[in-house]
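# Structure at a glance
Below are the chains, spelled out letter by letter.
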Amino acid sequence: MTLILDPDDPAGWREAPPASAAPPAAAPTGTVPSAGDRLLDGLNPEQREAVEYRGQALLIVAGAGSGKTRVLTHRIASLIQSREAWPSQILAITFTNKAAAEMRERVEALLGEAAGGMWISTFHSACVRILRREAESLGLSSTFTIYDSADTRTVLKRIIKELDADTMGFTPASAQAKISRLKNELADVETYARNANTNDPNEVMFVEIFRQYTRRLRDASALDFDDLIAETVYLFRAFPKVASLYQRRFRHILVDEYQDTNHAQYSLIRELTQPVPADRVHEMEGHGVNVAALTDASGGIPGASLTVVGDSDQSIYAFRGADIRNIVEFERDFPGAKVVLLEQNYRSTQNILSAANAVISNNFDRKDKKLWTAVGDGELITGYTGYTAHDEAQFVADEIESLHRAGIAYRDIAVFYRTNAQTRALEEIFVRSALPYRVVGGTKFYERAEIKDAMAYLISVANPVDELALRRILNTPKRGIGPATETALASFAEQNGISFREAMRNADALGLGPKVTGAILGLARVLDEAAAMLVPSSRAVAEGTNEGASSVSDVLVFLLESSGLIDALRNSRDPQDETRAENVEELVAQTRDFDRENPGATLVDFLTQVSLVAAADEIDDASGTVSLMTLHTAKGLEYHAVFLTGLEEGLLPHQMSASEPGGPAEERRLFYVGITRARKRLFLSLAMSRAQFGEVAVAMPSRYLQEIPEGLIDWRQSPGMATSRGGTQPRALNARRPGGAWGTRDRDLEKFSVLKSAAPKAEWANRVTGTVRDNGDLTLEAGDRIRHVDFGDGRVTQVTGEGTKRIAHVAFDTAGQKKLLIKIAPIEKL
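Please read these numbers as outputs of a predicted model, since none were measured by experiment.

### Some words on the nonpolar core
If you look at the biggest cluster of nonpolar residues, it comprises 50 residues, and the most contacted ones within it are I253 and F330. When residues in this core are grouped by element, the largest group, six residues, is from helix α5 (residues 123-134). Apart from residues no more than four positions distant in its own chain, I253 is found in contact with L91, I269, L272, T273, A304, S305, L306 and T307. Within the second largest apolar cluster, 49 residues are counted, among which are F500, A519, L565 and L607.

Below, the structure written as structure tokens:
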């Protein structure tokens, strides 16, 4: 009896299959005879070539929607059905558990029970299985704990507190991000320490944080997620005999989304595909491991066959450590590799694909391919330029309603944007238009922690007895006020029969330390000063107006600056805090919109509007909801109709990418990913002015728009039309110009910039506002006439829904059909 390694077996070993059934030692390079018509039926010539090719290395360049999962699953099934490999000799790696489950189900559907024993899993899952078996070699218990991100931050928080590293600007999140980046580059603490600048106190402190973090994980026999891959690579490099067992075990390795691999993942694949030298093979034979059927003429075991699937045009995760060179340089890493291009697209229409091809062809670090489809040209791409973000959002809402009336389910429609801060105008208009939606892969604008913090400051000013809001901001940003102090304040308030706010004003009576007492009194003083800003003049009080009171935006800016909240986010070393600061600045921009659109309104009016928007967010529909998500989240998804919004310089490409090497190219790939998510309909939109960083700024159309050929976009309102305010010459981005030739890119951009408009000012009429109001118990019936702030007069055709979710379907005299949530729509009954 011969034994072979099988990590699926708890004992680690199982009886070898009979010699007559053993797969061949090495498949010849080239193609294998037909694996059966059933496995090849319906495959196009390129897909068939990828399934049947046999060699050491195969790169399948799979364009968007080209059926890569089908190719991978049929290739696995082909290897097993032709008896070239046992299921247990196949390792297929994906990036998500969902993709792994789908692949496993498809192979099982093709082969039935014969598919059992395959390893189809994520990188992390595969590494955990290996490390559990080999933990002893690394000095770990086989029952080691895996720390998630929250666990990691908890450990780092304690370390930073003990080292007083927070005084140097360190936060758990920033330390976690840097440690993760280093581990993904396979750099441990000692490697980093050898190259650290010992004259830099911050660097010395980080080394100590990293060292203590590593020690605490080791003491607890724990690994974090980044360790799972890094430690497996270390295991294979430090213990070649262990590596040989897995190199012998896995004869066919398949990796999906190869363009998204980082250095550690790339290194793991390299280790697994190394050949096993003859001397080690001889040693393995001495331990009873069956290797005879796998050796070549040299007596060694050749490296495993490697198949990778990916698309350099969809590499958009550099910020996570993904290295596009892994796929671009595949042929250099694996000499003699076969490359198969999958260019036939089964998802989108040709007009959508032609736009995608034209855009991505401007990137030079790529293998050239042209996506095509047999389904026909389809409808033209629709383009629209709004005057403001609300105008753009209203266009999106109207088009979604039009699609829905035509029979497209809400769940088959998606809206993409570059940054989460862009959701604010979209959400406001969607709620007001009674459109069911969900924010995918992110938190809704008003539910984000930083927005809740800023809103809690406003609530504390408007309602001084709201203890919940006061407790939220008591130590936000950090002021050294801990839970014990918070409890002491609450007890003092209760014992003396006063509010929590009064207790804060009397903090010096609690006998706390001078620093903590000063922090509490300082916050109480800031809140009192903000409250004083809201007091109207004595004359205005007599007249019943709000004249003399500061605007909501002025009060918010005062609170953000005086409390230190915005500075704490801006000065943080945590890269995510930069995004949080942008979100808070977007809230400032919202309050400025509110002040402009609602002269004389109070802070309570603003807080009421926000709560109405948030409360109305639970609208649902039998056909699902429209999905709102960032372009990064959209990767791997597809929809009947896609709206790509905010196509402006500074957003796409994002301003942060401009100075980074390869940044604009990656932003273009992001645009390409967004375009190729659409099956039938694609909408591109932008605004000519957008509130950013608290100010309304002139926006420039994205440079990527003019890379789309003339004739593919039907501009409902082009940038030229918007800047000339409906002028006679629609200067669309891709319109023919006198003379026929384009000038330089910068010169062309100037031609449709609002800065070049003949209008006397660059502040356009805000055709669609974000106004909402509380209509109380307003009842409407079919036939009623109403007046809307933005759309004018109209007639109600029907009313649906119940209670606060009652929806009026209105035919406006000039604006066409709209749906309005009666509870908050800016309407009056005529």
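Next comes the rest of the account.
### Overview of the packing of helix α19 (residues 449-462) against helix α25 (residues 552-563)
The interhelical angle for the contact between α19 and α25, taken along N-to-C directions, is 110°, at an axis separation of 10 Å. Here α19 lies roughly perpendicular to α25, going by the angle between them. For α19 against α25, the interelement crossing comes out right-handed. In this structure, α19 contributes A454, Y457, L458 and V461 to the contact, and α25 contributes V555, L556, L559, L560 and S563. Grouping the constituent residues of the contact of α19 with α25 by class yields eight nonpolar, one polar and no charged.

### Considering the confidence of the model for the chain
Per-residue pLDDT for the chain has a mean of 83; in total, 86% of the residues score no lower than 70. Here residues 1-22 is a poorly scored stretch, pLDDT under 50, and it has 48 contacts once near neighbours within four places are set aside; other chains count. Throughout residues 725-765 the model reports pLDDT below 50, and contacts reaching past four residues in sequence, or to other chains, amount to 72 contacts.

### Details of helix α10 (residues 225-238)
Between its first and last C-alpha, α10 extends 20 Å over 14 residues, near the 20 Å set by a 1.5 Å rise per residue. Of all 14 residues in α10, 10 are buried; the element is thus mostly enclosed. Inspection of α10 places D226, D227, L228, I229, A230, E231, T232, V233, L235 and F236 among the buried residues, and these make up the whole buried set. In this structure D224 caps α10, since a side-chain oxygen of it lies 3.1 Å from the backbone nitrogen of D226.

### Concerning helix α17 (residues 389-405)
Over its 17 residues, α17 runs 24 Å from end to end, which matches the ideal 24 Å to within 8%, given 1.5 Å per residue. Remark: G407 follows α17 within two positions and exhibits a positive phi of approximately 105°.

### Section: the sheet that holds strand β24 (residues 807-812)
Sheet architecture is open: five strands sit in the order β25-β24-β23-β22-β26, paired in antiparallel fashion. The open sheet has two edge strands with one neighbour each: β25 (816-821) and β26 (827-829). For this sheet, the mean angle separating the axes of adjacent strands, direction not counted, is 35°. Relative to β25, β24 is paired through six bridges, and the arrangement is antiparallel. Residue pairing for β25: V810 is matched across the bridge by K818.

### Some thoughts on unusual backbone geometry
In this chain, T476 is followed by P477 through a cis amide linkage whose omega measures 0°. Looking at the secondary structure, you find P477 in the loop between α20 (467-473) and α21 (483-496). The backbone of E257 sits at a positive phi, close to 50°, despite the residue not being glycine. With respect to the helices and strands, E257 occurs in the loop between β10 (252-255) and α12 (263-272). The class of E257 is buried, set by a relative accessible area of 17%. Even without being glycine, A434 reaches a positive phi, approximately 60°.

### Focus on the side chain of D577
Residue position: D577 is located in helix α27 (residues 575-597). Ignoring sequence-local partners within four residues, the contact set of D577 consists of L569 and S572.

### Some remarks on the pattern of salt bridges
Oppositely charged side chains can pair when the atoms bearing their charge come close. Taken as a whole, this structure holds 48 salt bridges when the rule is applied. In this structure, E257 and K68 form a salt bridge, with 2.9 Å as the shortest nitrogen-oxygen distance. Separated by 189 residues along the polypeptide, E257 in the loop between β10 and α12 and K68 in helix α3 (residues 68-81) bring together distant segments of the chain. Of the charged contacts in the structure, one is a salt bridge between E707 and R668, with a shortest N-O distance of 2.8 Å. You can see E707 sitting in the loop between β20 (695-698) and β21 (713-717) and its partner R668 sitting in helix α30 (residues 663-675), a full 39 residues away along the chain. Each member of the salt-bridge network shares a partner with another, and the members are K68, D256, E257, D260 and K635.

### Some remarks on the sheet that holds strand β7 (residues 119-122)
For sheets, the rule is that strands pair by backbone hydrogen bonds, running either parallel or antiparallel. If you trace the six strands from one edge of the open sheet to the other, you get β7-β6-β10-β11-β5-β12, paired in parallel fashion. A single partner strand is all that each edge strand has here, and the edge strands are β7 and β12 (338-342). Pairwise comparison of adjacent strand axes, ignoring direction, gives a mean angle of 15° for this sheet. Looking at chain direction, β10 and strand β11 (residues 305-310) are connected through four bridges and run parallel. Residue pairing across strands places L254 opposite T307, the latter belonging to β11. Its contacts with the sheet place helix α2 (residues 45-52) against β5 (57-62) and β12, and it is angled at close to 145° to β12.

### Observations regarding the pairing of strand β14 (residues 413-417)
Buried residues dominate β14, accounting for five of its five residues. Of the two faces of β14, the one carrying I413, V415 and Y417 and the one carrying A414 and F416 are both buried. Bridge count for β14 against strand β17 (residues 639-644) is four bridges, and the pairing is parallel. Residue V415 lies in a different strand from β17, and its bridge partner there is F643. Note that β14 and strand β16 (residues 626-630) share four bridges and pair parallel. Considered in β16, the bridge of A414 is made with S627.

### As for the packing of aromatic side chains
By convention here, two paired aromatic rings are described through the distance between centres and the angle between planes. Enumeration over the complete set of coordinates arrives at 15 aromatic pairs. Summarising the aromatic geometry, the rings of F330 and F334 are spaced 4.8 Å apart at their centres and angled 35° between planes, so their arrangement reads as tilted. Side by side, F330 and F334 carry an identical accessibility label, which is buried. Measuring from centroid to centroid gives 5.3 Å for F594 and F606, while their planes differ by 65°, and the two rings are edge-to-face. With F594 in helix α27 and F606 in helix α28 (residues 603-615), the pair connects residues that are 12 residues apart, well separated along the chain. Comparing F594 with F606, the two get one shared label, buried. Each residue in the set Y384, F395, F643 and F683 is aromatic and connected to the rest through ring pairs, giving one cluster.

Rules and cut-offs
Throughout this document, residue positions are counted from 1 along each chain, in the order its sequence is written. This being a predicted model, a pLDDT of at least 70 is required before a residue's local features are given, and a value of 80 or more before pairs of side-chain atoms are given or counted; all residues contribute to the totals for chains, interfaces and linings. Side-chain figures throughout are based on the complete set of non-hydrogen atoms in the structure, without hydrogens or water. Here, the term nonpolar core denotes a set of buried Ala, Val, Leu, Ile, Met, Phe, Trp, Tyr and Cys residues that are joined through side-chain atoms within 4.5 Å. With a 1.4 Å probe rolled over the protein chains alone, any residue whose accessible area is under 20% of its type maximum counts as buried; one over 50% counts as exposed, and the rest are partly exposed. Numbering of helices and strands runs from the N terminus, with a helix taken as a DSSP run of H or I at least four residues long and a strand as a DSSP run of E at least two residues long. Residue contacts follow a heavy-atom distance rule, with two residues in contact if any of their heavy atoms lie within 4.5 Å. The axes used here are C-alpha line fits, helices contributing only the stretch in contact, and every angle between their N-to-C directions lies in the interval 0 to 180 degrees. Our angle categories are set so that under 35 degrees counts as roughly parallel, over 145 as roughly antiparallel, 65 to 115 as roughly perpendicular, and the remainder as oblique. Left-handed is the label given to a crossing in which the near helix is rotated counterclockwise from the far helix by less than a right angle, and right-handed is the label when the rotation is clockwise. Only Asp, Glu, Lys and Arg are considered charged in this grouping, and only Ala, Val, Leu, Ile, Met, Phe, Trp, Tyr, Cys and Pro are considered nonpolar; every other residue, Gly among them, is considered polar. Confidence scores labelled pLDDT are given residue by residue by the predictor and lie between 0 and 100. Helix span, expected: 1.5 Å multiplied by one less than the number of residues in the helix. Polar contacts here mean pairs of N or O atoms no more than 3.5 Å apart (in protein, one a potential hydrogen donor and the other a potential acceptor; neighbouring residues in sequence count only if both atoms are side-chain atoms). DSSP calls a pair of strands paired once it identifies at least 2 bridges connecting them. Each salt bridge in this description consists of a side-chain nitrogen of Lys or Arg and a carboxyl oxygen of Asp or Glu lying within 4 Å of one another. Two rings from Phe, Tyr or Trp (for Trp, the six-membered ring) form a pair when their centres are within 6.5 Å of each other. A pair whose planes differ by under 30 degrees is stacked, one over 60 is edge-to-face, and the rest are tilted.

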